[in-house]
Amino acid sequence: MLKRIQLHWQILIALLFSIVFGITLPGYVKYVSWTGDLFLRALSMIIVPLIFSSIVSGVTGIGSGKNLGRMTAKTIGYYMITSLFAITTGLLLVNLIKPGVGADLGFSRAVEGLAVTGDTFGQTLLRIIPTNIIESMVRGDLPSIIFFAIFFGFFATRVEPKYGEPVITFFNAVFGIMMKITMFVIKFTPIGIFGIVSVIIAENSENLATIFGRMGIYMLTVIAALAIHGIIILPLLMKILGKANPLQHVKNMSVPLLTAFSTSSSSATLPLTIEAVEFKSGVSNKTTSFVLPLGATINMDGTALYQCIAVLFIAQAYGVDLSILQQLIVMITALLASIGAAGIPMAGLVIMSIILSAVGLPLEGIGLILAVDRPLDMLRTSINVWSDSCGAVIIAKSEGEVTNV
Ligand code: ASP
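Residues numbered from 1 in each chain as written. Predicted model: local features only at pLDDT ≥ 70, side-chain atom pairs only at ≥ 80, totals over all residues. Heavy atoms only, no water.

### Some points on the packing of aromatic side chains
Then comes step 1: Evaluation of the coordinates by the stated rule reveals 14 aromatic pairs.
Then comes step 2: With a centroid separation of 5.9 Å and 50 degrees between ring planes, the pair formed by Phe52 and Phe152 is classed as tilted. Within this pair, whereas Phe52 is found in helix α2 (residues 33-62), its partner Phe152 is found in helix α6 (residues 142-156), the two being separated by 100 residues in sequence.
Then comes step 3: Looking at Phe52, the relative accessible area reads 8%, which means it is buried.
Then comes step 4: For the pair Phe184 and Phe188, a centre-to-centre distance of 5.3 Å together with 75 degrees between the ring planes defines the contact as edge-to-face.
Then comes step 5: Assessed through its relative accessible area of 49%, Phe184 is described here as partly exposed.
Then comes step 6: The class of Phe188 is partly exposed, set by a relative accessible area of 39%.
Then comes step 7: Across the ring face of Tyr306, the terminal group of Arg380 is positioned such that the distance to the ring centre comes to 4.0 Å. (Phe/Tyr/Trp six-rings, centres within 6.5 Å; stacked < 30°, edge-to-face > 60°. Helix = DSSP H or I, 4+ residues; strand = E, 2+ residues; numbered from the N terminus. Buried < 20%, exposed > 50% of the residue type's maximum accessible area, 1.4 Å probe, protein only. Lys NZ or Arg CZ within 6 Å of the ring centre and 35° of its normal.)

### Some points on a nonpolar patch on the surface
Then comes step 1: Taken together, the side chains of Ile231, Ile232, Leu236, Ile240 and Leu241 define a hydrophobic patch exposed on the protein surface, amounting to about 520 Å² of accessible area.
Then comes step 2: Structurally, the position occupied by Ile232 is in helix α10 (residues 216-242). (Patch = residues over 30% accessible without salt bridge, like charges linked within 9 Å, V, L, I, M, F, W, Y side chains within 5 Å. Areas by Shrake-Rupley, 256 points an atom, 1.4 Å probe, with all protein chains shown as cover. Salt bridge = Lys/Arg side-chain N within 4 Å of Asp/Glu carboxyl O.)

### Points about unusual backbone geometry
Then comes step 1: Despite not being glycine, Lys243 shows a phi value in the positive range, around 45 degrees.
Then comes step 2: With respect to the secondary-structure elements, Lys243 resides in the loop between α10 and α11 (246-252).
Then comes step 3: Overall, Lys243 belongs to the exposed group, its relative accessible area being 67%.
Then comes step 4: You will see that Ser264, though not glycine, has its phi angle at about 55 degrees, which is positive.
Then comes step 5: With respect to the secondary-structure elements, Ser264 resides in the loop between α12 (254-263) and α13 (266-280).
Then comes step 6: Residue Ser264 is classed as buried on the basis of its relative accessible area, which comes to 1%.

### Overview of the packing of helix α3 (residues 65-97) against helix α15 (residues 301-317)
Two measures define how a pair of helices packs: the angle their axes make with one another and the distance between the axes.
Then comes step 1: Running from N to C, α3 and α15 point in directions that differ by 30 degrees, and their axes come no closer than 8 Å. Considering their axes alone, α3 and α15 lie roughly parallel with respect to each other. Relative to α15, the crossing made by α3 is right-handed. On α15, the residues touching Tyr79, Thr82, Ser83, Ala86, Ile87, Gly90, Leu91, Val94 and Asn95 of α3 are Asp301, Ala304, Leu305, Cys308, Ile309, Leu312, Phe313 and Gln316.
Then comes step 2: Its residues assigned to classes, the contact of α3 with α15 shows 11 nonpolar, five polar and one charged. (Axes fitted to C-alpha atoms, helices over the stretch in contact; angles between N-to-C directions. Parallel < 35°, antiparallel > 145°, perpendicular 65-115°, else oblique. Left-handed = near helix turned anticlockwise from the far one by under 90°. Contact = heavy atoms within 4.5 Å. Nonpolar A, V, L, I, M, F, W, Y, C, P; charged D, E, K, R; others polar.)

### Structural notes on helix α1 (residues 7-24)
Then comes step 1: The first and last C-alpha atoms of α1 sit 26 Å apart over 18 residues, in line with the 26 Å expected at 1.5 Å per residue.
Then comes step 2: Buried within α1 are the following residues: Gln10, Ile11, Ala14, Leu15, Ser18, Phe21 and Gly22. Down the axis of α1, the buried set is contained in an arc of 140 degrees. They therefore lie on one face. Exposed side of α1, more than 90 degrees from the buried face: Leu16, Phe17 and Thr24 are the residues found there.
Then comes step 3: Along its buried surface, α1 packs onto α8 (189-204) and α12. (Expected span 1.5 Å × (residues − 1). Arc of directions from axis to C-beta.)

### Description of the side chain of Thr287
Then comes step 1: Mapped onto the elements, Thr287 comes out in helix α14 (residues 285-298).
Then comes step 2: Of the residues examined, Thr287 reaches a relative accessible area of 0% and is grouped as buried.
Then comes step 3: If we ignore the near neighbours within four places in the chain, the residues touching Thr287 are Met71, Leu292, Ala392, Ile395, Ala396 and Glu401.

### As for the nonpolar core
Then comes step 1: Membership of the largest hydrophobic core comes to 68 residues, with the highest contact counts inside it found for Ile51, Met238 and Phe290.
Then comes step 2: Of the residues forming this core, the biggest block, 13 residues, is contributed by α2.
Then comes step 3: Beyond its immediate stretch of four places on either side in the chain, Met238 contacts Lys243, Ala244, Asn245, Pro246, His249, Trp386, Cys390, Val393, Ile394 and Val405.
Then comes step 4: If you look at the next biggest cluster of nonpolar residues, it comprises 46 residues, including Val311, Leu312, Ala341 and Val359. (Core = buried A, V, L, I, M, F, W, Y, C linked by side-chain atoms within 4.5 Å.)

### Notes on α8
Then comes step 1: With 16 residues, α8 should cover 22 Å at 1.5 Å per step; its first-to-last C-alpha distance of 23 Å lies within 8% of that length.
Then comes step 2: Among the residues of α8, those classed as buried are Thr189, Pro190, Gly192, Ile193, Phe194, Gly195, Ile196, Val197, Ser198, Ile200, Ile201 and Ala202.

### Quick look at the environment of Phe194
Then comes step 1: Checked against the element boundaries, Phe194 lands in helix α8.
Then comes step 2: Sequence separation between Phe194 and Ser33 is 161 residues; the distance between their C-alpha atoms is 8.2 Å.
Then comes step 3: Residues within four places of Phe194 in sequence aside, it is in contact with Ala14, Phe17, Ser18, Phe21 and Val32.

### Points about the site of the ligand
Then comes step 1: The environment of the ligand is formed by 16 residues, the closest being Ser266, Thr303, Gly348, Asp377 and Arg380.
Then comes step 2: In the environment of the ligand, an oxygen atom lies 2.6 Å from a nitrogen or oxygen atom belonging to the side chain of Thr303.
Then comes step 3: Contact between the ligand and Ala347: an oxygen atom at 3.1 Å from a main-chain N or O atom of the residue.
Then comes step 4: For the ligand, whose accessible area on its own is 270 Å², the fraction buried by protein is 100%.
Then comes step 5: Of all the secondary-structure elements, those providing two or more residues to the shell around the ligand are α17 (347-358) and α19 (373-398).
Then comes step 6: Residues of the shell around the ligand, tallied by class, amount to six nonpolar, eight polar and two charged. (Near = heavy atom within 4 Å. Polar contact = N/O pair within 3.5 Å; in protein donor to acceptor, adjacent residues only side chain to side chain.)

This is the structure we're talking about:
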C-alpha cells in the first residue's frame, strides 16, 4: 500500500504528522527522535565515499584537461552569477521593506555556545588544500576532499593506461555501489524526516507564535526574496540558458528538496540530489558527479541572500545606516562567506560574523536573529539545493546533453 504512494507524498504526510505530533505531544518526541538520528547517520555514512568516488569518476569521464578546464569554468561561472543574482534580490528587498527599523532589540538572545568563526576568507581558502587527505576524510572536510579528488581523477587519466584503467574502473564501481546504497536509504526518508521535524517543532512549539509575531516582517522579507530567486530567477535561467522545462525538473527534485527543507543540510541531501538529477532529470553521470558535489559545498544562493538580509536587518535594528559602499562590501563578503559556509545546519548564521565585522557591526547582532534561524535555514537550504540542481541541467545542456527536462 505504502509503496503505491509516491515518495514525495509520503514525505509530505510525514511532515504534516510531525507538525501535529510535535505540537500536541511534545513530551513524546524523544521516543521517535531516533529515527531522525538514524537517517542522518546513514546519510553521513554515504557522503565521503560517495563524493570521492563521484568526483573521481566524473573527472575521469570528462577526459582531457581542456574539457575539465571548460567544465570547471562553466560551473564556477554559473555559481557566481546565480549567487550575485540572489544577493542583489536580497539587498533590494531589505532596502525596500526595511524590516529592522524599529525592531525589538530586547528580543535578542545570547549567542553563547555558537562557535563564531574567527577565520578570514584567506584562511578558509588555504584550508582547501589538505595536509593529510585521510584526516580530511575522517573530519568530513568536503572542500579538501573535493580538491584532492579532482587532482586524483585528473592524474588517473595521465598515467599509463595499464595503471589508470583499473583505478578508473574501481572508482566507477565504488560510485555505482554508493548510489545503490543511496537509493536504499532514500526509502527511509519519510520516517527519518518524521523524527527530525517533530523534534524541531516540539522544541519550539511554545514560543512559535511569539517568535513569528515579533520577527514576522524580517522572516517575510527573507521568504519573499528566496521565493523570487527560486520561483522566478532560477527557472528563467533554466528556460533561457538551458532551454529546459523547470516545472518538470522541480517535480523530479521533490524528494531532495523536501529533504533539504527537513534536514537544513545540503551536504546530507547531496546523495539524494545526485540520484534525482541523474536518474529523473536525465543529466549524465559525468556532469552530476562533478557539478553537484562542488555545488553542495560552494554554491549557496539561499545562504548568500539570507546573510545580506540578516546583516542589513541587524544594521537597521541598531540604527546604523550602511552606505552604498558598505553594502557593496556586504555583497562581496556575503558571496565569499556563502562559498566558505559548510552545507550543514546554521553554517550560514555562524559564518555571518565575517560580514558583520567587515562592516563594523556588533557580533551580538546574531543573537537578534538566532531564534528564527531554523525555519529560515530550512528554506534557504532548499534554495541552495535547487540552484545546484538547476546548474547541473544548464551545464549539461550547454555540453550538448539530451536530458529528460
Ligand atoms: N544549512 C545550509 C546548507 O546546508 C547552510 C546555511 O546555514 O545557510 O546549505
